[in-house]
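Here's the letter readout for the chains.
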Amino acid sequence: VPFGKYKSPKILDKENLMSLSELLQIAKINCGEYFSTENYIDDKSFVYFDPPYRPISDTASFTSYSKNGFNDNHQIQLGNYFAKLHNEKNAKLMLSNSDPTIINPKDHFFKNLYARFKLNKVIANRMINCDGKGRGQISEILITNY
């Protein structure tokens, strides 16, 4: 993310860091592709997926954290994995993504892909944009199996 300009940044929040440290003592953190997580998930798990968002405009082209990208086929594979975990692991699942209906009301890509699950629209604050006027609130989706 960009460096940004802050008048009085709170760099060290000791109370927050200590609270997070306590929580991390019981957390399991694994690094890998999302599809390599299956063996770590059970009915006591909460899994949050935050994939590269599906672009909703011609200028929203960031779809990857790697050279291989994350296109609609990858979104479908992730949707299938989400359904597999729901069916086989009974874990609590949540996924966030862009809301394509804010640009094209007929774009039901996620509504169709996650038809079996709860799809909620939420307002998110966007603070990252090369154009300051492009920052602000935007509709996104949260998909859950609970």
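Residues numbered from 1 in each chain as written. Predicted model: local features only at pLDDT ≥ 70, side-chain atom pairs only at ≥ 80, totals over all residues. Heavy atoms only, no water.

Visitor: Which residues make up the overall build of the chain, and what values go with them?
Guide: The number of helices and strands found in the chain is 3 helices and 4 strands. Residues counted as buried form 29% of the 146 residues belonging to the chain. If you take every contact in the chain between residues at least 6 apart in sequence, the share linking residues at least 24 apart comes to 65%. For the chain, the accessible surface area stands at approximately 11,200 Å², while carbon and sulfur atoms represent 54% of it. (Helix = DSSP H or I, 4+ residues; strand = E, 2+ residues; numbered from the N terminus. Buried < 20%, exposed > 50% of the residue type's maximum accessible area, 1.4 Å probe, protein only. Contact = heavy atoms within 4.5 Å. Areas by Shrake-Rupley, 256 points an atom, 1.4 Å probe, with all protein chains shown as cover.)

Visitor: Requested: an account of the pattern of salt bridges, with residues and values cited.
Guide: Inspection of the entire model under this criterion finds 5 salt bridges. The shortest N-O distance in the salt bridge between E38 and K84 comes to 3.3 Å. In this pair, E38 is assigned in the loop between α1 (14-24) and β1 (46-49) and K84 in helix α2 (residues 72-89), connecting sequence segments 46 residues apart. Linked through salt bridges whose partners overlap, the residues forming this network are R54, D72 and D107. (Salt bridge = Lys/Arg side-chain N within 4 Å of Asp/Glu carboxyl O.)

Visitor: Quick one: what's the story with the sheet that holds strand β4 (residues 136-144), residue by residue and with numbers?
Guide: Strand pairing in a sheet relies on backbone hydrogen bonds. The paired strands run either parallel or antiparallel. Spatially, β1-β2-β4-β3 is the arrangement adopted by the 4 strands of the open sheet, whose pairing is mixed. Looking at the sheet topology across the chains shown, the edges are occupied by β1 and β3 (118-126). Sheet twist, expressed as the mean angle between neighbouring strand axes with direction ignored, is 25 degrees. In this structure, β1 lies alongside strand β2 (residues 92-98), joined through 4 bridges in parallel fashion. The residue of β2 that forms the bridge with F46 is K92. Against the sheet, α2 makes contact with β1, β2 and β4, and its axis sits at roughly 160 degrees relative to β2, the strand it touches most. (Pairing = 2+ DSSP bridges. Axes fitted to C-alpha atoms, helices over the stretch in contact; angles between N-to-C directions.)

Visitor: Can you break down α2 residue by residue, with the values?
Guide: A rise of 1.5 Å per residue sets the reference length of α2, with its 18 residues, at 26 Å; its end C-alpha atoms lie 25 Å apart and thus fit the reference within 8%. By the burial criterion, the buried members of α2 are Q75, L78, G79, Y81, F82, A83 and L85. Those residues of α2 that are buried are in contact with β1, β2, α3 (109-113) and β4. Capping the start of α2, N71 holds a side-chain oxygen 2.9 Å from the backbone nitrogen of N73, two or three residues further along. (Expected span 1.5 Å × (residues − 1). Polar contact = N/O pair within 3.5 Å; in protein donor to acceptor, adjacent residues only side chain to side chain.)

Visitor: Describe unusual backbone geometry, and please don't skip the residues or the numbers.
Guide: Non-glycine residue N90 carries a positive phi angle of around 55 degrees. A relative accessible area of 57% means that N90 is categorised as exposed.

Visitor: Which residues make up the pairing of β2, and what are the values?
Guide: Burial analysis of β2 places 6 of its 7 residues in the buried class, the great majority of the element. Pairing of β2 with β4, which is carried by 5 bridges, proceeds in the antiparallel orientation. The residue of β4 that forms the bridge with M94 is T144.

Visitor: Give me the lowdown on the side chain of R54, citing residues and values where you can.
Guide: Topologically, R54 is positioned in the loop between β1 and α2. Taking relative accessible area as the criterion, R54 reaches 13% and is therefore assigned buried.

Visitor: Tell me what's going on with the nonpolar core, and back it up with residues and numbers.
Guide: Among the nonpolar cores identified, the biggest contains 19 residues, and F49, L78, F82, L93, L95, Y114 and I143 are the most heavily contacted of them. Counting residues per element, the ones that place at least two in this core are β1, α2, β2, α3 and β4. Per element, the largest residue contribution to this core is 5 residues, and it comes from α2. (Core = buried A, V, L, I, M, F, W, Y, C linked by side-chain atoms within 4.5 Å.)

All we've got here are geometric facts, nothing functional implied.
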